Amino acid sequence: ADTLGAAAQRTGRYFGAAVAAHRMSDSTYMGILNREFDSVTAENEMKIDALEPQQGQFTYGNADQIVNHAIQQGKDVRGHTLAWHSQQPQWMQNMSGSALRQAMLNHVTQVATYYRGRIHSWDVVNEAFADGSSGARRDSNLQRTGDDWIEAAFRAARAADPGAKLCYNDYNTDNWSHAKTQAVYRMVQDFKSRGVPIDCVGFQAHFNSGNPVPNNYHTTLQNFADLGVDVQITELDIEGSGNSQAEQYRGVTQACMAVTRCTGITVWGIRDSDSWRAQGTPLLFDNSGNKKAAYHAVLDVL
Ligand code: XIL
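So, here is what we can say about the structure in this document. (Residues numbered from 1 in each chain as written. Predicted model: local features only at pLDDT ≥ 70, side-chain atom pairs only at ≥ 80, totals over all residues. Heavy atoms only, no water.)

Quick look at the site of the ligand
For step 1, the next point in the chain: The local shell around the ligand holds 13 residues, among which Glu 43, Lys 47, His 80, Glu 235 and Trp 268 are the closest.
For step 2, the next point in the chain: Interatomic distance of 2.9 Å between a side-chain N/O atom of Trp 268 and an oxygen atom of the ligand.
For step 3, the next point in the chain: Against a free-state accessible area of 410 Å², the protein chains account for coverage of 77% of the ligand.
For step 4, the next point in the chain: Residues that form the shell around the ligand fall into these classes: three nonpolar, six polar and four charged. (Near = heavy atom within 4 Å. Polar contact = N/O pair within 3.5 Å; in protein donor to acceptor, adjacent residues only side chain to side chain. Areas by Shrake-Rupley, 256 points an atom, 1.4 Å probe, with all protein chains shown as cover. Nonpolar A, V, L, I, M, F, W, Y, C, P; charged D, E, K, R; others polar.)

Rendered as structure tokens:
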């Protein structure tokens with residue numbers, strides 16, 4: 001196969017990219033998207049502040065531009081994200097307690113219902129654990145509504161769209177020996193043992209020289225998969241260039257390919273210039289849309 005999507009499909013996997021609605025008038029960008037990727041994630045357009053800017057008033061225009069294009073092109077859509085401490089609209093940032101819990105669950109229900117049948121996987125909850133060695137939940141307005149907010153969000157999402165795979169998504173969960181990784185692992189283990197509906201774990205995979213791809217990445221993915229969930233690499237980018245960047249991309253892709261339940265990889269943008277970390281040139285296509293060494297390394301091992 002000579003595209004990322006077609007190559008991934010040979011083993012039943014997908015290969016996706018984060019897409020920004022405001023770039024969809026760029027023909028180079030759209031040419032690469034349509035040719036190479038068979039899954040899309042909205043980079044910002046399906047976050048809480050974008051979809052519910054005023055409480056109870058939903059604005060789906062920019063998200064629909066991305067979702068409708070993907071579906072017309074036969075691509076899957078990863079929904080990102082229903083519940084998160086960040087990119088909340090002002091009204092939600094100001095809320096707490098049972099009013100916030102209700103508002104969060106209403107958001108999950110409304111959005112998952114609106115997109116029912118069109119979403120391959122939802123990032124139901126994003127980034128709910130703390131960094132560092134505590135293994136604790138991240139403090140946030142949502143966390144302060146009670147420890148069970150995550151499972152409540154998953155149950156609401158399942159009721160609204162029984163056909164979507166429901167994922168927990170986070171970063172710094174790549175290294176198996178990291179406390180945060182262990183804490184997420186125990187939550188998923190607990191959810192599976194109590195029948196809380198969870199189908200997948202997303203690994204954001206934002207790597208750079210200070211946060212390199214760990215040697216035990218395959219172990220991490222396999223251990224989560226062994227809990228009975230799919231694993232997905234959901235926001236991959238690796239700062240760097242040339243062969244060293246390419247070899248890191250090769251390693252991540254090989255780790256996914258070695259885990260039967262690693263069902264897909266999404267890169268967090270298309271060209272380096274499209275990246276949220278553009279200075280780090282972390283993606284598979286250069287600013288002009290040419291394939292980088294990292295692209296060829298990924299395609300080689302898919
Ligand atoms: C980032 C987007 O790429 C930026 O455009 C935006 O300004 C901030 O959010 N983890 C996530 C993503 O789950 O939603 C974030 O996306 C990157 C980190």
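Now that the structure has been shown, the text picks up again.
Side note on the packing of helix H8 (residues 179-194) against helix H9 (residues 217-225)
How two helices sit against one another is set out by the angle between their axes and by the gap between those axes.
For step 1, the next point in the chain: Where H8 meets H9, the axes come as close as 10 Å, and the angle between the chain directions of the two elements is 15 degrees. One finds that H8 runs roughly parallel with respect to H9. The crossing of H8 and H9 is right-handed. Contacts from Thr 181, Val 184, Tyr 185 and Val 188 of H8 reach H9 at Thr 220, Asn 223 and Phe 224.
For step 2, the next point in the chain: Residues of the contact of H8 with H9, tallied by class, amount to four nonpolar, three polar and no charged. (Axes fitted to C-alpha atoms, helices over the stretch in contact; angles between N-to-C directions. Helix = DSSP H or I, 4+ residues; strand = E, 2+ residues; numbered from the N terminus. Parallel < 35°, antiparallel > 145°, perpendicular 65-115°, else oblique. Left-handed = near helix turned anticlockwise from the far one by under 90°. Contact = heavy atoms within 4.5 Å.)

Observations concerning unusual backbone geometry
Trans is the common state for peptide bonds, and a negative phi is the common state for residues other than glycine.
For step 1, the next point in the chain: Geometrically, the link from His 80 to Thr 81 is a cis peptide bond, its omega value of 5 degrees lying close to zero.
For step 2, the next point in the chain: If you trace the backbone, Thr 81 turns up in strand E3 (residues 76-84).
For step 3, the next point in the chain: At Ala 205, a residue that is not glycine, the phi angle is positive and equals roughly 65 degrees.
For step 4, the next point in the chain: Relative to the elements of secondary structure, Ala 205 occurs in the loop between strand E6 (200-203) and strand E7 (206-207).
For step 5, the next point in the chain: Positive phi, normally seen in glycine, also occurs at Thr 281, with a value near 35 degrees.
For step 6, the next point in the chain: Within the element layout of this structure, Thr 281 appears in the loop between strand E9 (262-267) and helix H11 (293-301).

Focus on the state of the cysteines
For step 1, the next point in the chain: Under the criterion given, the structure shown has two disulfides.
For step 2, the next point in the chain: Disulfide pairing places Cys 167 opposite Cys 200 at an S-S distance of 2.1 Å. Its torsion about the S-S bond being -90 degrees, the disulfide of Cys 167 and Cys 200 is classed as left-handed. Of this pair, Cys 167 sits in strand E5 (residues 165-170) while Cys 200 sits in strand E6, placing them 33 residues apart in sequence.
For step 3, the next point in the chain: Across the disulfide from Cys 256 sits Cys 262; the S-S distance is 2.1 Å. (Disulfide = S-S within 2.5 Å.)

Observations concerning the pattern of salt bridges
For step 1, the next point in the chain: If you walk through the whole model with that rule in mind, you get 19 salt bridges.
For step 2, the next point in the chain: Residue Arg 78 is joined to Asp 123 by a salt bridge in which the shortest nitrogen-to-oxygen separation is 2.7 Å. Of the two residues, Arg 78 sits in strand E3 while Asp 123 sits in strand E4 (residues 121-126), which places them 45 residues apart along the sequence. Asp 123 matches Arg 78 in its accessibility class, with the two residues each being buried.
For step 3, the next point in the chain: For the salt bridge of Asp 170 with Lys 180, the shortest nitrogen-to-oxygen distance reads 3.3 Å. With Asp 170 in strand E5 and Lys 180 in helix H8, the pair connects residues that are ten residues apart, well separated along the chain. Neither Asp 170 nor Lys 180 differs from the other in exposure class; each is buried. (Salt bridge = Lys/Arg side-chain N within 4 Å of Asp/Glu carboxyl O. Buried < 20%, exposed > 50% of the residue type's maximum accessible area, 1.4 Å probe, protein only.)

Digging into the pairing of E4
Residues in a regular strand point their side chains to alternate faces of the sheet.
For step 1, the next point in the chain: Where burial is concerned, most of E4 is hidden: six out of the six residues are buried.
For step 2, the next point in the chain: Pairing geometry for E3 and E4, over five bridges, is parallel. Each residue of the ladder has a partner; that of Gly 79, found in E4, is Trp 122.
For step 3, the next point in the chain: Here E4 runs beside E5; their pairing, made up of five bridges, is parallel. In the sheet register, Trp 122 faces E5, and the bridge partner there is Leu 166.
For step 4, the next point in the chain: The parallel pair E4 and E5 is bridged by helix H7 (residues 149-160), and the resulting crossover is right-handed. (Pairing = 2+ DSSP bridges. Right-handed = clockwise from strand over helix to strand, strands pointing away.)

Focus: helix H4 (residues 61-72)
For step 1, the next point in the chain: In a regular helix each residue adds 1.5 Å, so twelve residues correspond to 16 Å; H4 covers 16 Å between its end C-alpha atoms and thus fits that length.
For step 2, the next point in the chain: When we look at burial in H4, the residues that qualify are Ala 63, Asp 64, Ile 66, Val 67, His 69 and Ala 70.
For step 3, the next point in the chain: On its buried face, H4 sits against strand E1 (14-19), helix H2 (27-36), strand E2 (39-42), helix H3 (48-51), E3 and helix H6 (97-114).
For step 4, the next point in the chain: With its phi angle positive at about 75 degrees, Gly 74 sits one or two positions after the end of H4. (Expected span 1.5 Å × (residues − 1).)

Some remarks on the packing of aromatic side chains
The way to describe two aromatic rings as a pair is by their centre distance and the angle between their planes.
For step 1, the next point in the chain: Summed over the entire model, instances satisfying the criterion amount to 14 aromatic pairs.
For step 2, the next point in the chain: Measuring from ring centre to ring centre gives 5.5 Å for Tyr 185 and Phe 224, while their planes differ by 85 degrees; the resulting arrangement is edge-to-face. Here Tyr 185, found in helix H8, pairs with Phe 224, found in helix H9; they are 39 residues apart in sequence, far enough to count as distant. Both residues of the pair, Tyr 185 and Phe 224, count as buried.
For step 3, the next point in the chain: Note on Phe 207 and Tyr 217: the rings are 5.9 Å apart at their centroids and 90 degrees apart in plane angle, and the pair reads as edge-to-face. Of this pair, Phe 207 sits in strand E7 while Tyr 217 sits in helix H9, and the two are ten residues apart along the sequence.
For step 4, the next point in the chain: Each member of the aromatic cluster is reached from another via a ring pair, and the members are Phe 15, Phe 37, Phe 285 and Tyr 295.
For step 5, the next point in the chain: Its end group placed over the ring of Tyr 171, Lys 180 keeps NZ or CZ at 3.5 Å from the ring centre. (Phe/Tyr/Trp six-rings, centres within 6.5 Å; stacked < 30°, edge-to-face > 60°. Lys NZ or Arg CZ within 6 Å of the ring centre and 35° of its normal.)

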